[in-house]
Amino acid sequence: MRSNTVLTVIFAVIVAAVLIGEVYVYTQDQGRYSSDVTFDAENDRIDYSVTSKGSEQYSVIVSDNGGFGRVDNYYIYYDAEYGSRLEKVQVPVGARELTQEYHISQLITMLNNRSITEIEMLNATELEAMMTTGGSPASKGLIILSGAFPDTVYTGEPTDPVFNWINAGGSLYWAGNVIGAYIARSNGTVEEVPDGEGLFGLSPLSTSPEKELSDITTNDYRHSLSLMNNSVRYGVNTKGLTDHLAIGYTDGTYSSSVLLKVGDGMICVVAGDHSIEQRHDLAQIIASGICYRSTEEGYAEGEVKKGTAIGNIDVILESGNNYAVYIYFGGYYTVYGKITEVIP
């Protein structure tokens, strides 16, 4: 009995530490941090400065996005009247259930911490209007965490508004269940679309619930972005795909995160059921500004202690390309982030 009591106390302390750490990350005063980036064309380098009122680890990543322009306006789809298709996941004792609403609220906080503040919530009707009459989608990003597209934009046909919007330049960020597999109805139900993922050019997707620990080694974004999500469930098989970027973890076939060119736009699929790790990776991918054609051109890391640290990254930038310089503090427990676009 005494042994069981000790184990219970130890477990409770561990869970409390995890929850306190998460609260700490989400409630940090953003006035504690700042960063600045300039491009020194004469010396072919990126100069940066980072400032913190405490002691923090920082990372600086320079990505070449080619001709893919920066996404400036973000939308999140959520409609309580429409159905969703999400698996209920286990959470630590005392932790809050990872409902779609809670997952969205925490993602918004994480994006705000990373200087992504222009975010608009859309219901099913508003989503249709944005896609059909909302102007050019070229600088717009849509985040869907419901596991199902509403029937206002997706009916399982290649002429649906969601395909037209992506092909015209929109960027779709998807996390939770198989993309394209379900249509959500206004009565709260969902309808399955056989091989719906095939409409997005992604069939078949992984159904494995196993976690994978092998880094994708064709690039170093797993390390430089401190990616955490090692689930490949609902993940993309990149074999045979062109114009894509796989980052994070892999089982040798499926990847934890994949960004794929579709028409003039992009689809990003972050694998796995909803989790803190998945949410972290989605926030990092969005905030870093990377796309399906990104290549890492430079990286630096260090520690700043109650003051300002400066440094530079030697890099030859190609004229006319879009470069994203992403600075973040805190590594796996990111407390601040900011992207700077550089077009030489």
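Residues numbered from 1 in each chain as written. Predicted model: local features only at pLDDT ≥ 70, side-chain atom pairs only at ≥ 80, totals over all residues. Heavy atoms only, no water.

A. Region of the structure containing the side chain of T250. Relative to the elements of secondary structure, T250 occurs in strand β12 (residues 244–250). For T250, a relative accessible area of 13% gives the class buried. A distance of 2.8 Å separates a polar atom in the side chain of T250 from the backbone oxygen of Y254. Apart from residues lying up to four places away in sequence, T250 is in contact with E212, S214, D215, I216, V232 and S255. (Helix = DSSP H or I, 4+ residues; strand = E, 2+ residues; numbered from the N terminus. Buried < 20%, exposed > 50% of the residue type's maximum accessible area, 1.4 Å probe, protein only. Polar contact = N/O pair within 3.5 Å; in protein donor to acceptor, adjacent residues only side chain to side chain. Contact = heavy atoms within 4.5 Å.)

B. Geometry of the sheet that holds strand β6 (residues 149–150). The three strands are arranged β6-β8-β9 in an open sheet whose pairing can be described as mixed. Whereas interior strands pair on both sides, the edge strands pair on one side only; in this sheet they are β6 and β9 (190–192). Bridge count for β6 against strand β8 (residues 182–184) is two bridges, and the pairing is parallel. Paired with F149 across the strands is I183, a residue of β8. (Pairing = 2+ DSSP bridges.)

C. Quick peek at the packing of aromatic side chains. What the rule picks out here adds up to 13 aromatic pairs. Centre to centre, the rings of F68 and Y292 are 5.4 Å apart; their planes meet at 85 degrees, and the pair counts as edge-to-face. Here F68 is found in the loop between β2 (45–64) and β3 (73–77), whereas its partner Y292 is found in the loop between α6 (276–288) and β15 (295–314), with 224 residues between them in sequence. The exposure class assigned to F68 is buried, which follows from its relative accessible area of 10%. Every member of this aromatic cluster is reached through a ring pair, and the members are F149, Y154, F163, W174 and F200. (Phe/Tyr/Trp six-rings, centres within 6.5 Å; stacked < 30°, edge-to-face > 60°.)

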